[in-house]
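# Fold and contact review
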Amino acid sequence: MDNKQKLIQWLQETSFRELTLSVDFLVTGYIGYLYVSALVNATPEQLASITWLSTLLLQIIIYSIVLMVISYIVLGLISDNELNQPMDVREKQINLVGYKYSAIILQVGVILALVQYNIAAQGFEFMQSSVPHLPLHILVGAFLLAELAHYGVQLYKGRTGDIYG
């Protein structure tokens with residue numbers, strides 16, 4: 001069995017909601033990769049520049065919108081009107097569990113960003129920060145991790161069926 005046949009078999013065995021979640025997970029992971037790679041490859045002057053940071057955030061927003069629109073158009077073309085069907089009770093419960101983990105990550109990220117901001121505002125630095133605008137990067141990272149967790153938990157719970165565990 002070659003790779004094309006394996007892919008076709010996997011697509012036939014996978015539910016449409018699971019395929020949609022997988023695409024969303026991969027797109028979010030790619031956007032996170034773009035953001036982290038831009039930060040890692042940036043010079044200290046770029047990291048300190050608010051213009052460079054604004055451009056980076058605008059690029060990330062544009063990429064996310066374009067990739068999500070393209071993915072939903074492609075998924076809409078290959079689906080049999082499954083995007084318009086309401087979720088059943090099990091899918092709604094799995095979606096809520098995904099939101100729970102996403103909310104926890106967002107709350108922790110916001111608290112860490114606020115703590116980092118207050119530490120920097122007080123002039124007290126117990127660790128040297130070589131990244132200017134670190135609270136903003138913490139927030140963006142928390143948002144991306146929360147989205148990855150939201151999709152990842154839904155994929156895991158949907159595949160294993162362990163909704164309440």
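Refer to the structure printed above.
Notes on the structure in this doc start here. These numbers come from a predicted model, not from an experiment. Residue numbers restart at each chain and count upward from 1, following the sequence in its written direction. Per-residue local features are limited, in this predicted model, to residues with pLDDT of at least 70; the limit for side-chain atom pairs, both in listing and counting, is 80 or more; totals at the level of whole chains, interfaces and linings are taken over all residues. Processing note: side-chain calculations cover all non-hydrogen atoms of the structure and skip hydrogens and water entirely.

## Quick notes on the layout of surface pockets
Sizing a probe to match a water molecule and rolling it over the atoms shows the empty space that remains. A volume near 450 Å³ is recorded for the largest pocket. With a 1 Å grid laid over protein atoms only, a set of points is called a cavity when a 1.4 Å probe fits there but cannot get out and a pocket when it is open yet has protein on both sides within 12 Å along at least five of seven lines; lining residues have an atom within 4 Å of a point. Lining of the largest pocket is provided by 22 residues; of these, Arg17, Glu18, Leu21, Met87 and Gln154 occupy positions nearest its centre. Helix and strand assignments come from DSSP, with helices taken as H or I runs of at least 4 residues and strands as E runs of at least 2, each series counted from the N terminus. Among the elements of the structure, helix H2 (16–40), helix H5 (89–122) and helix H6 (134–160) are those that each provide at least two residues to the lining of the largest pocket. In this count, Pro and Cys sit with the nonpolar residues alongside Ala, Val, Leu, Ile, Met, Phe, Trp and Tyr, while Asp, Glu, Lys and Arg are called charged and the others, Gly among them, polar. Residue composition of the lining of the largest pocket, by class: nine nonpolar, six polar and seven charged. Around the second largest pocket, the lining residues are Thr28, Ile31, Leu57, Ile60, Ile61, Ser64, Ile65, Met68, Val140, Phe143, Leu144 and Glu147. Looking at the lining of the second largest pocket, the elements with two or more residues in it are H2, helix H4 (50–78) and H6. The element best represented in the lining of the second largest pocket is H4, accounting for six residues. Residue composition of the lining of the second largest pocket, by class: nine nonpolar, two polar and one charged. Grid points are joined across faces, edges and corners, and a volume is the space filled by probe spheres set on the points.

## A short note on H4
One fewer than the residue count of a helix, multiplied by 1.5 Å, yields its expected span. Here H4 is 29 residues long and its end C-alpha atoms lie 42 Å apart, about the 42 Å a rise of 1.5 Å per residue gives. Each residue's exposure class comes from its accessible area (1.4 Å probe, protein chains only) as a fraction of the maximum for that residue type: buried when under 20%, exposed when over 50%, partly exposed otherwise. Listed in full, the buried residues belonging to H4 are Trp52, Leu53, Leu56, Ile60, Met68, Ser71 and Leu75. Looking at the buried positions of H4, the neighbouring elements they touch are H2, helix H3 (44–48) and H6. Here, residues are in contact when the closest pair of their heavy atoms is within 4.5 Å.

## Quick notes on the packing of aromatic side chains
Side-chain rings of Phe, Tyr and Trp, where Trp is taken by its six-membered ring, are said to pair if the distance between their centres is within 6.5 Å; with planes under 30 degrees apart they count as stacked, over 60 as edge-to-face, and otherwise as tilted. Applying the stated criterion across every chain yields a total of zero aromatic pairs. Here, over-ring charges are defined by two tests on the NZ atom of lysine or the CZ atom of arginine: distance to the ring centre within 6 Å, and angle to the ring normal within 35 degrees. Lys100 extends its terminal NZ or CZ atom over the ring of Tyr101, reaching a point 4.9 Å from the ring centre.

## A look at the packing of H2 against H4
Axes here mean lines fitted to C-alpha atoms, for a helix over just the part in contact, with angles spanning 0 to 180 degrees between N-to-C directions. Across the interface, H2 lies against H4 with an axial gap of 10 Å and an inter-helix angle of 160°. Comparing the axis directions of H2 and H4 gives the class roughly antiparallel. The chirality of how H2 crosses H4 is right-handed. Class assignment for the residues of the contact of H2 with H4 results in 20 nonpolar, four polar and one charged. Each angle receives one of four descriptions, namely roughly parallel if under 35 degrees, roughly antiparallel if over 145, roughly perpendicular if within 65 to 115, and oblique otherwise. Crossing handedness follows the turn of the near helix against the far one: under a right angle anticlockwise gives a left-handed crossing, and clockwise gives a right-handed one.

By themselves, these are just geometric observations and shouldn't be taken as functional.
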